[in-house]
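So the chains spell out like this:
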There are 2 protein chains.
Amino acid sequence: MAAWGERLAGVRGVLLDISGVLYDGGEGGGAPIAGSVEALARLKRSQLKVRFCTNESQKSRGDLVGMLRRLGFDISEGEVTAPAPATCLILKERGLRPHLLIHDGVRSEFDQIDTSNPNCVVIADAGEGFSYQNMNKAFQVLMELENPVLLSLGKGRYYKETSGLMLDVGPYMKALEYACGIEAEVVGKPSPEFFKSALREMGLEAHQAIMIGDDIMGDVSGAQRCGMRALQVRTGKFSPKCRA
Amino acid sequence: MAAWGERLAGVRGVLLDISGVLYDGGEGGGAPIAGSVEALARLKRSQLKVRFCTNESQKSRGDLVGMLRRLGFDISEGEVTAPAPATCLILKERGLRPHLLIHDGVRSEFDQIDTSNPNCVVIADAGEGFSYQNMNKAFQVLMELENPVLLSLGKGRYYKETSGLMLDVGPYMKALEYACGIEAEVVGKPSPEFFKSALREMGLEAHQAIMIGDDIMGDVSGAQRCGMRALQVRTGKFSPKCRA
């Protein structure tokens, strides 16, 4: 294995995943991962540009950043690339009016979006909101559309909370894809468009940045397919069994 | 198109789907499809053998048959091939102790099954039982197994109730497959083993039987792949849009 200095040659910026890298979510807001508050502080003191690239879709960026600041992290809202604001841009550009299957915690991000007479479905990590009734409603909306459009905020399989592994939005996206015979459009990691928007916001090219995450698919493979370097932490959902 | 007589030459038995063919389920037990009570009575008076081949997994066979008899159908429990009893045979043969993600209405079929210290998950059409909490529990059980085994009672995409289209077990099976990176074993249509057991119970070869159903995948394609003839009714979930 090459030395760290060699492997990181030319890196000018770091993209950090949040859940499983900075903290593990859970009851009472979750807990910082040991050493991560200090590691972020060191990164911020370095010459490297730092940006956060998250698929968090249960909370608005404001709530997420407020929670992380209370845990001791040096982070501000403008430093976060998240799927809900990216989705709102797409909805506006394409004249889409969503039926929202989302967590109440992220609903405020969609305050400016017209949700009357829906012509698409937006699905995010709704947690307990993934009831049979809510899933069936989203399914029925899609089945009534001539050209069903399903936007999914990420496609993660699961994440780790302090209480254990939790199903993410991906399995429910797959459920609706199968039920309707359609393919969702993913907004968030590992979509190349999403990584590219984070790089644009940092003012860096892909080869100048490294992505740090706990998800081998969403973070590591996704970033590598965009030409970035990537590093998998051994916290969060990392498991020696699940490397591929 | 060949004449009916020619297309049905050599047919000695009829396998009938139940939901969407005999009746549409829904509040208050559902309603018979117009003409189906009389059509079944005529079939029973004919020289043809008649058997019912259903993926119904919300009700025990006893409850299903009781409900159909109250709606006027000539049907008895011994004439029904259903996935829950077939699953119990598999569990016993393979020494599997299931965690059950199923509807309360079918739980009695599993009364003789050891569910302690589960080493597999059985998923059926749980309806409202497909809560986030129940799905997450099934997911966690699978993730803790060295060799996760997921048995799914059918893999239907949706069915029609009097109130509209309803998600079936298939989408939830796909959700767990994706979350765990595994492939489920389907017990029920369109599994060839399931059709073959129905044929055995009729004492017929595949080429001597015709399957009648409303599901182009589960009923029609599945039966045809087993060498049977098949006929799609235009009731139930049939839609001119969904032929493939």
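If you check an unreviewed UniProt entry, chain A appears there as Phospholysine phosphohistidine inorganic pyrophosphate phosphatase from Balaenoptera acutorostrata. In the Sequence similarities (unreviewed entry) part of its UniProt record, chain A is described as follows: "Belongs to the HAD-like hydrolase superfamily."

**Student:** What is the right way to look at the interface of chain B and chain A in this model?
**Tutor:** Taken residue by residue, the interface counts 31 residues in chain B and 31 residues in chain A. For the pair chain B and chain A, the summed buried surface comes to about 2,700 Å²; carbon and sulfur atoms form 63% of the total. Interface area lost by chain B to chain A is led by B:Y132, B:L167 and B:Y178, which between them contribute 31%. Where chain B touches chain A, the interface holds 0 salt bridges. On inspection of chain B and its partner chain A, the count reaches 13 residue pairs in polar contact (both at pLDDT 80 or more).

**Student:** How do you make sense of the relation of the copies chain B and chain A when you look at a structure like this?
**Tutor:** Each copy of the chain is related to the other by a rotation around an axis and a translation along that axis. When chain B is fitted to chain A, the residual RMSD is 0.0 Å, and the transformation amounts to a turn of 180 degrees plus an axial shift of 0.0 Å. What the superposition gives is, in effect, a two-fold axis relating one chain to the other. Comparing interface residues between copies, 100% of those in chain B also lie at the interface in chain A; the contact surface is shared.

**Student:** Help me out: how do you make sense of the packing of helix α5 (residues 132-143) of chain B against helix α6 (residues 169-180) of chain B in this one?
**Tutor:** To describe two helices that pack against each other, one gives the angle between their axes and the distance between the axes. All names here are of chain B. α6 packs onto α5 with a crossing angle of 40 degrees between their chain directions and a minimal axis gap of 10 Å. With respect to their mutual orientation, α5 and α6 come out oblique. The two elements α5 and α6 cross, and the hand of that crossing is right-handed. Residues M135, A138, F139, L142 and M143 of α5 lie in contact with α6, whose contacting residues are Y172, A175, L176, A179 and C180. Among the residues making up the contact of α5 with α6, the classes are represented as 10 nonpolar, no polar and no charged.

**Student:** Just to check I follow, could you spell out the sheet that holds strand β6 (residues 98-101) of chain B for this structure?
**Tutor:** Two pairing modes exist for strands in a sheet, parallel and antiparallel, and in both the strands are linked by backbone hydrogen bonds. Residues and elements named next belong to chain B. Strand order in the open sheet made by the 4 strands is β6-β7-β8-β11, with parallel pairing throughout. On the outer flanks of this sheet lie β6 and β11 (185-187), each paired with one strand and no other. Strand-to-strand twist across the sheet, computed as the mean angle between neighbouring axes with direction ignored, equals 25 degrees. Bridge count between strand β8 (residues 150-153) and β11: 3 bridges; the pairing is parallel. Bridging from a neighbouring strand, S152 pairs with V186 of β11. Strands in contact with helix α4 (residues 83-94) are β6, β7 (120-123), β8 and β11; relative to β8, the strand with the most contacts, it is inclined by about 160 degrees. Docked against the sheet, α5 engages β6, β7 and β8, running at close to 160 degrees with respect to β6.

**Student:** I tried to follow the sheet that holds strand β4 (residues 49-53) of chain A on my own but got confused; where do I start?
**Tutor:** Residue and element names in this part refer to chain A. Reading across the sheet, the 5 strands line up as β5-β4-β1-β12-β13 and stay open at both edges, with parallel pairing between neighbours. Two strands bound the open sheet, and with one partner strand each, they are β5 (80-81) and β13 (229-232). Helix α2 (residues 36-45) rests against β1 (13-16) and β4 of the sheet, and its axis sits at about 135 degrees to β4. Against the sheet, helix α8 (residues 216-225) touches β12 (209-213) and β13, its axis set at about 160 degrees to β13.

**Student:** How should I be thinking about the state of the cysteines in this particular structure?
**Tutor:** Cysteine pairs can be covalently joined through their sulfur atoms, and such a bond is termed a disulfide. Residue and element names in this part refer to chain A. If you walk through the whole model with that rule in mind, you get 0 disulfides over all chains. For C88, which is in no disulfide, the shortest distance to another cysteine sulfur is to C120 and amounts to 11 Å. C226 forms no disulfide, and the closest cysteine sulfur to it belongs to C53, at a distance of 9.5 Å.

**Student:** Is there a simple way to think about the packing of aromatic side chains in this case?
**Tutor:** The geometry of an aromatic ring pair comes down to the distance between the two centres and the angle between the two planes. Residues and elements named next belong to chain A. A complete count under the given rule lists 8 aromatic pairs over all chains for this structure. A centroid spacing of 3.9 Å and a plane angle of 5 degrees characterise the contact between F130 and Y172, whose relative ring orientation is stacked. Taken together, the residues span a long stretch of sequence, with F130 in the loop between β7 (120-123) and α5 (132-143) and Y172 in helix α6 (residues 169-180) at a distance of 42 residues. On the basis of relative accessibility, which here comes to 0%, the residue Y172 falls in the buried class.

**Student:** How do you make sense of the nonpolar core when you look at a structure like this?
**Tutor:** Soluble, globular proteins show a tendency: their nonpolar side chains are buried together. Ranked by internal contacts, the top residues of the largest apolar core, which has 52 residues, are A:F130, A:M135, A:Y172, B:F130, B:M135 and B:Y172. Residues contacting B:Y172, with those up to four places away along its chain left out, are A:Y132, A:M135, A:Y172, B:I123, B:F130, B:M135 and B:L167.

**Student:** Looking at this structure, how should I read α6(A)?
**Tutor:** Every α-helix carries 3.6 residues per turn, so stepping three or four residues along brings you back to the same face. All names here are of chain A. End to end, α6 covers 17 Å across 12 residues, agreeing with the expected 16 Å (1.5 Å per residue, within 8%). Among the 12 residues that make up α6, 10 are buried, leaving the element largely enclosed by the rest of the structure. Restricting attention to buried positions, one finds in α6 the residues V169, G170, P171, Y172, M173, A175, L176, E177, A179 and C180. Downstream of α6 by a residue or two, G181 has a phi angle that is positive, lying close to 65 degrees.

Quick notes on the rules
Starting from 1, residues in each chain are numbered consecutively following that chain's sequence as written. The naming scheme follows written order: chains are lettered A onward, ligands numbered 1 onward. Reporting in this predicted model follows two pLDDT cut-offs: at least 70 for local features of residues, and 80 or more for side-chain atom pairs to be given and counted; totals over whole chains, interfaces and linings ignore these cut-offs and use all residues. Think of the side-chain values as coming from all heavy atoms in the structure, minus any hydrogens and water. UniProt positions are given in the numbering used here, feature names are shortened, and annotations may be inferred rather than shown by experiment. Throughout, a contact is declared for two residues whenever any of their heavy atoms are within 4.5 Å. Buried area: the accessible area, evaluated with a 1.4 Å probe, that two parts lose upon being put together, summed over both parts. Salt bridges are counted wherever a side-chain nitrogen of Lys or Arg sits within 4 Å of a carboxyl oxygen of Asp or Glu. N or O atoms within 3.5 Å of each other form a polar contact, as long as, within protein, one can give a hydrogen and the other can take it, and as long as residues adjacent in sequence are counted only when both atoms are side-chain atoms. Superposing the copies works by least squares over the C-alpha atoms of residues that have pLDDT at least 70 in both of them. Here an angle of 0 to 180 degrees is reported between the N-to-C directions of two axes, which are lines fitted to C-alpha atoms, with helices fitted over the stretch in contact. Runs of E in the DSSP output that reach at least two residues are strands. Runs of H or I that reach at least four are helices, and both are numbered from the N terminus. Angular relationships are summarised with four words: roughly parallel below 35 degrees, roughly antiparallel beyond 145, roughly perpendicular across 65 to 115, and oblique for the angles in between. Each crossing gets its handedness from the near helix: less than a right angle anticlockwise from the far helix is left-handed, clockwise is right-handed. Under the scheme applied here, ten amino acids are nonpolar (Ala, Val, Leu, Ile, Met, Phe, Trp, Tyr, Cys and Pro), four are charged (Asp, Glu, Lys and Arg), and all others, including Gly, are polar. Pairing between strands is defined by DSSP: at least two bridges between the two strands are required. Disulfide: a pair of cysteine sulfur atoms within 2.5 Å of each other. Aromatic rings from Phe, Tyr and Trp, with only the six-membered ring used for Trp, were paired whenever their centres fell within 6.5 Å, and each pair was classed as stacked if the ring planes differed by under 30 degrees, edge-to-face if by over 60, and tilted otherwise. Any residue under 20% of the maximum accessible area for its type is buried, any over 50% is exposed, and the rest in between are partly exposed; the area is computed with a 1.4 Å probe on protein chains only. The criterion is simple. A nonpolar core is a set of buried Ala, Val, Leu, Ile, Met, Phe, Trp, Tyr and Cys residues joined through side-chain atoms within 4.5 Å. Helix span is expected to be 1.5 Å times the residue number reduced by one.

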